[in-house]
Amino acid sequence: MGDQMQFIVEKLNQEPFRKNYNLISFDSLESVQLLQLLNDVLGEIDPKHAVDIREELPEQTAKRMLSLLGILKYKPPGNVSDLSAFRQGLVTGSKPVIHPLLHWLLQRTNELKKRAYLARFLVKLEVPAEFLQDDTVADINKQYEELMEAFKNLHKEYEQLKISGLSTAEIRRDISAMEEEKDQLVKRVERLKKRVETVQNHQRMLEIARQLRLEKEREESLAQQKQEQKSQLFHAEQRLQRAQLQLKEMQDAVADSKPESLMKKLEEEINFNSYLVTEKMPRELESKKASVYLLQKVVAEPAMTQSDLTALQSEINEVNAQMNQLTEKRMMKYEPTDSKFSMYRQQASIISRKKEAKAEELQAAKEEMSRLERQVQQRSSQAHELEGSEILTEDELKQYVNKLRSKNTLYKKKRLEIAEITAEYGILQRTEELLKQRHEAIQQQLQAIEEKKGISGYSYTQEELERVSAVKSEMDEMKGQTLDNMSEMVKKLNAVVAEKKASLAPVIKELRQLRQKCQELTQECDEKKIQYDSCAAGLESNRSALEQEVKGLLEACAQEESNYRYIHCMKRTLEVQLQRAKEEMKAYVSPDPQERRKAIREQYTRMILEQENLGKKLREKQKVVRESHGPNMKQRKMWQDFEQLMECKRECFQKQQNQAAIGQVIQEGGKDRLVL
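Residues numbered from 1 in each chain as written. Predicted model: local features only at pLDDT ≥ 70, side-chain atom pairs only at ≥ 80, totals over all residues. Heavy atoms only, no water.

The protein chain carries the name Intraflagellar transport protein 81 homolog in an unreviewed UniProt entry, which gives Manacus vitellinus as its organism. In its Subcellular location (unreviewed entry) section, the UniProt entry covering the protein chain states "Cytoplasm, Cytoskeleton, Cilium basal body". (UniProt positions renumbered as here; feature names shortened; annotations may be inferred.)

Rendered as structure tokens:
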């Protein structure tokens, strides 16, 4: 307990709570403060619960906290075995209830935050079945479920992305590597451009290469489109064959249809529907009601410990043993008469099981057919929308709006009724808890009185005797009813079996012949299938070998074509260079000076001489500058000193003039005073 409190205080003193508690101050908190602290922790897990408990009733606080704890899947510890005691402790702020709860919440805060966040979107809102009869409400509920599934998928993808381990450092390294590759490619392209610019008609060659690339891409796209169109044509032919087959089957069915066959089909459908309504559905409804009753009973009971489960298991074993003993007694008592009907009972049970299985198969087939019909209707409505949807008139729109308003009013009314029933349920639940507590107190008083009188366990024994006698009387009544029902059922089954035998005799005779014929046809079909499979396997192997050979030849052809184009381009380039070399040699050897001047060698020779002369002049100029640099710098220094000297003289002259003016003013002022 001390470690638990120490852990709670440490967590509450950290972020985001920052309570500054110690063990003494935390232990001295009152019940209201403990409840507010618990509410603050729940508010950190789910922000909707960040409220002040003083502004709401204790029942509302307890209900709100219990709902959140149910979502978080909190189970009270072993010392709080009674759920009503746990609720009472949560309402009153009891320390034995609040401390373990705080310890559990603070241990797994992050996990509970995630669970509370997901519960906001994944806790399904239960809509009553009568409201789902409305198409609008049903569509909205369907959209709600689809959005919930989409949220689940998105959350899973988000979690997978978090676990995938893609860090920003790796992404930055990849980006930097791609940028380096980009720079290298840019430099390579620039080098190739410089190399190509020296080639004659390089722009035209680049344009031809670009057109060739575009034509190859277009050829690939056309081949892909051709393949897609072939596959579409194949699928369309298959759909056409299926449609023709269905049309033929329907025509055959219409041609062979007679009033007797139609009446027979209707009778079979009526018999099946009557079986569903009278036998199957009531039995399923009773089983569902029984399971719902058991589940409600389990929910209403408090949380059970291991000792309670052990006691229930032992009680179940005792009841099973008693049932086995009663069954053996009944079999020993009624064995002479029952032996006559054992065969019929077994056959009846087998027939009933087969009947139920076939009914379930037929029901599943009907559901599948209805689903397909709904799909067909949906596709037809989509086609109608593509062609053009109908627009409601003003009267139809008013009727639709009035219908929606009436349904909205009915929905609000039913919602108020549900709220009233929920409030009344809470009151009745509280009343039940109080009555249980009073009953337990009375039982304890009764036990104390019995112990004083020396007859402890008398009331319990009396209740058990009354209960066993009531159960025995019910079992006797059920046995009598069961025997009567079984005798009537045996009579009916005997009659039905006799009728079925008489009616099935010719059918069984025909069935034997058909079975023999079916076996012969099956054997022939298997032989043909084996031959077909062997032939298809051989053809498939030959086809795959030919495809590999054709693929290899196409690749070789493409490689040779590429080599040819490359060699052709290199040949054109070398021819151009050779032609330029011949023209240069012709101009260089020519005796005409004008032609020789056009030669590139002569041009470069003139340029070299001009650059040499220019370099010679610049070197002479540099020599002159170097020789005159020292005297020029000395002269520059002398001029700077002369400038500073003259500036100093100017400042001295200005100061002297200012002092003379001030003395003259003072002398004139003294003369004026003497005159006065």
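## Notes on the overall build of the protein chain
What the protein chain contains, in helices and strands, is 17 helices and zero strands. Of the roughly 57800 Å² that the protein chain leaves accessible, carbon and sulfur atoms contribute 57%. (Helix = DSSP H or I, 4+ residues; strand = E, 2+ residues; numbered from the N terminus. Areas by Shrake-Rupley, 256 points an atom, 1.4 Å probe, with all protein chains shown as cover.)

## Observations regarding a negative patch on the surface
On the surface, E179, E180, E181 and D183 cluster together to form a negatively charged patch. Overall, E181 belongs to the partly exposed group, its relative accessible area being 48%. (Patch = residues over 30% accessible without salt bridge, like charges linked within 9 Å, V, L, I, M, F, W, Y side chains within 5 Å. Salt bridge = Lys/Arg side-chain N within 4 Å of Asp/Glu carboxyl O. Lys, Arg positive; Asp, Glu negative; His and termini not counted. Charge placed at Lys NZ, Arg CZ, Asp CG, Glu CD. Buried < 20%, exposed > 50% of the residue type's maximum accessible area, 1.4 Å probe, protein only.)

## Brief notes about the packing of aromatic side chains
Inspection of every chain in the model, using the stated rule, returns three aromatic pairs. Taking the centre distance of 6.0 Å and the plane angle of 85° together, the rings of W639 and F642 count as edge-to-face. Linking W639 with F642, this pair stays in helix 17 (residues 600-675), spanning three residues, or about one helical turn. Its relative accessible area of 55% is what places W639 among the exposed residues. (Phe/Tyr/Trp six-rings, centres within 6.5 Å; stacked < 30°, edge-to-face > 60°.)

## Looking at the nonpolar core
Core analysis: the biggest nonpolar cluster contains 31 residues, and L12, F26, L38, L72, L102 and L105 have the highest contact counts within it. Secondary-structure elements contributing two or more residues to this core are helix 1 (2-13), helix 3 (31-45), helix 4 (58-72), helix 5 (83-92), helix 6 (95-107) and helix 7 (109-122). Setting aside residues up to four positions removed in sequence, L105 forms contacts with L38, V41, L42, I45, L72 and L112. (Core = buried A, V, L, I, M, F, W, Y, C linked by side-chain atoms within 4.5 Å. Contact = heavy atoms within 4.5 Å.)

## Overview of the layout of surface pockets
Within this model, the second largest pocket holds a volume of roughly 1300 Å³. Along the wall of the second largest pocket there are 29 residues; nearest its centre are M205, A209, R565, C569 and M570. Among the elements of the structure, helix 9 (168-197), helix 10 (202-256) and helix 15 (458-589) are those that each provide at least two residues to the lining of the second largest pocket. Ranked by the residues each element gives to the lining of the second largest pocket, the list is headed by helix 15, at 14 residues. Residues of the lining of the second largest pocket, tallied by class, amount to 15 nonpolar, seven polar and seven charged. (1 Å grid on protein atoms, 1.4 Å probe; cavity = no way out; pocket = protein on both sides within 12 Å on 5 of 7 lines; lining within 4 Å. Points joined across faces, edges and corners; volume = space filled by probe spheres on them. Nonpolar A, V, L, I, M, F, W, Y, C, P; charged D, E, K, R; others polar.)

## Description of the pattern of salt bridges
Going through the model one piece at a time under the given rule, you end up with 12 salt bridges. In this structure, E561 engages R565 in a salt bridge whose closest nitrogen and oxygen atoms are separated by 3.1 Å. Linking E561 with R565, this pair stays in helix 15, spanning four residues, or about one helical turn. Connected through shared salt-bridge partners, E540, R543 and E547 make up one network.

## Describing the environment of H155
The topology assignment puts H155 in helix 8 (residues 135-163). Residues H155 and L118, 37 residues apart in the sequence, show an inter-C-alpha distance of 9.1 Å. Not counting residues within four places of it along the chain, the set of residues in contact with H155 comprises K114 and L118.

## Some thoughts on the side chain of N39
Along the chain, N39 turns up in helix 3. Assessed through its relative accessible area of 0%, N39 is described here as buried. Among the polar contacts listed, one links the side chain of N39 to the side chain of R64, at a separation of 2.9 Å. Not counting residues up to four positions away in its chain, the partners in contact with N39 are H49, A50, V51, I53, R64 and M65. (Polar contact = N/O pair within 3.5 Å; in protein donor to acceptor, adjacent residues only side chain to side chain.)

## Side note on a nonpolar patch on the surface
A cluster of nonpolar side chains, namely L326, V471, M475 and M478, defines an oily patch on the protein surface of about 330 Å² accessible area. Of the residues examined, M475 reaches a relative accessible area of 34% and is grouped as partly exposed.

## With respect to the packing of helix 4 against helix 5
The interhelical angle for the contact between helix 4 and helix 5, taken along N-to-C directions, is 120°, at an axis separation of 9 Å. Between helix 4 and helix 5, the interaxial angle falls into the category oblique. Where helix 4 crosses over helix 5, the handedness of that crossing is right-handed. In contact with P58, A62, M65, L66 and L69 of helix 4, helix 5 contributes F86, R87, L90 and V91. For the contact of helix 4 with helix 5, the per-class residue count stands at eight nonpolar, no polar and one charged. (Axes fitted to C-alpha atoms, helices over the stretch in contact; angles between N-to-C directions. Parallel < 35°, antiparallel > 145°, perpendicular 65-115°, else oblique. Left-handed = near helix turned anticlockwise from the far one by under 90°.)

## Regarding helix 5
Along helix 5, the residues that are buried comprise S84, F86, G89 and L90. G93 sits one or two positions beyond helix 5 and adopts a positive phi of about 75°.

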